[in-house]
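Residue-level listing of the chains:
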Amino acid sequence: MAIILLTEYAKRHGRNPVSVTQKAERGTFRTAKKIGRQWFIDEDEPYIDGRVTSGKYIGKSRNRKPKE
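Let me begin by describing the structure that accompanies this report. These numbers come from a predicted model, not from an experiment. (Residues numbered from 1 in each chain as written. Predicted model: local features only at pLDDT ≥ 70, side-chain atom pairs only at ≥ 80, totals over all residues. Heavy atoms only, no water.)

### With respect to helix 1 (residues 6-13)
Given 3.6 residues per helical turn, the α-helix brings residues three or four places apart onto the same face. Applicable threshold: Each residue's exposure class comes from its accessible area (1.4 Å probe, protein chains only) as a fraction of the maximum for that residue type: buried when under 20%, exposed when over 50%, partly exposed otherwise. Segments assigned H or I by DSSP are reported as helices when at least four residues long, segments assigned E as strands when at least two residues long, and all are numbered from the N terminus. By construction, the arc corresponds to the directions joining the helix axis to the C-beta atoms. Between two residues, a contact is recorded if the distance between any of their heavy atoms is within 4.5 Å.
Here helix 1 has its buried residues at Leu6, Tyr9 and Ala10. Down the axis of helix 1, the sector holding all buried residues measures 100°, keeping them to one side. Where the residues of helix 1 are buried, they touch strand 1 (3-5), helix 2 (17-26) and strand 3 (38-42). Remark: Gly14 follows helix 1 within two positions and exhibits a positive phi of approximately 65°.

### As for the packing of aromatic side chains
For any two aromatic rings, the description comes down to two numbers: the centre-to-centre distance and the angle of the planes. Applied cut-off: Stacked, tilted and edge-to-face are the three classes assigned to paired rings of Phe, Tyr and Trp, where Trp is represented by its six-membered ring and a pair needs centres within 6.5 Å; plane angles under 30 degrees give stacked, over 60 edge-to-face, the rest tilted. The rule is short: NZ of Lys or CZ of Arg within 6 Å of the ring centre and within 35 degrees of the ring normal puts a charge over the ring.
Inspection of every chain in the model, using the stated rule, returns two aromatic pairs. Ring centres 5.5 Å apart and planes at 80° place the aromatic pair Tyr9 and Phe29 in the edge-to-face group. Within this pair, whereas Tyr9 is found in helix 1, its partner Phe29 is found in the loop between helix 2 and strand 2 (33-35), the two being separated by 20 residues in sequence. Owing to a relative accessible area of 0%, Tyr9 belongs among the buried residues under this scheme. When the centroid spacing of 6.2 Å and the interplanar angle of 50° are considered together, the rings of Phe29 and Tyr47 count as tilted. Taken together, the residues span a long stretch of sequence, with Phe29 in the loop between helix 2 and strand 2 and Tyr47 in the segment after strand 3 at a distance of 18 residues. Three or more aromatic residues link up through ring pairs in this structure, and these residues are Tyr9, Phe29 and Tyr47. Between the NZ or CZ atom of Lys23 and the centre of the ring of Tyr47, over which it lies, the distance is 4.7 Å.

Below is the structure:
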């Protein structure tokens, strides 16, 4: 278990450092810690994409029943 800078973590996973920092601020990562002004994270932390890719919500707003 090695702790690295969040910017290095973003570089290793091919992600934008700003996006990774936002995920850390939201509490998405288990091991992310802010020390002073820098964010640190365990290098083995998996990067999980939380987007829905199944299509489950496509057209949901159009399928609503009208209010009576």
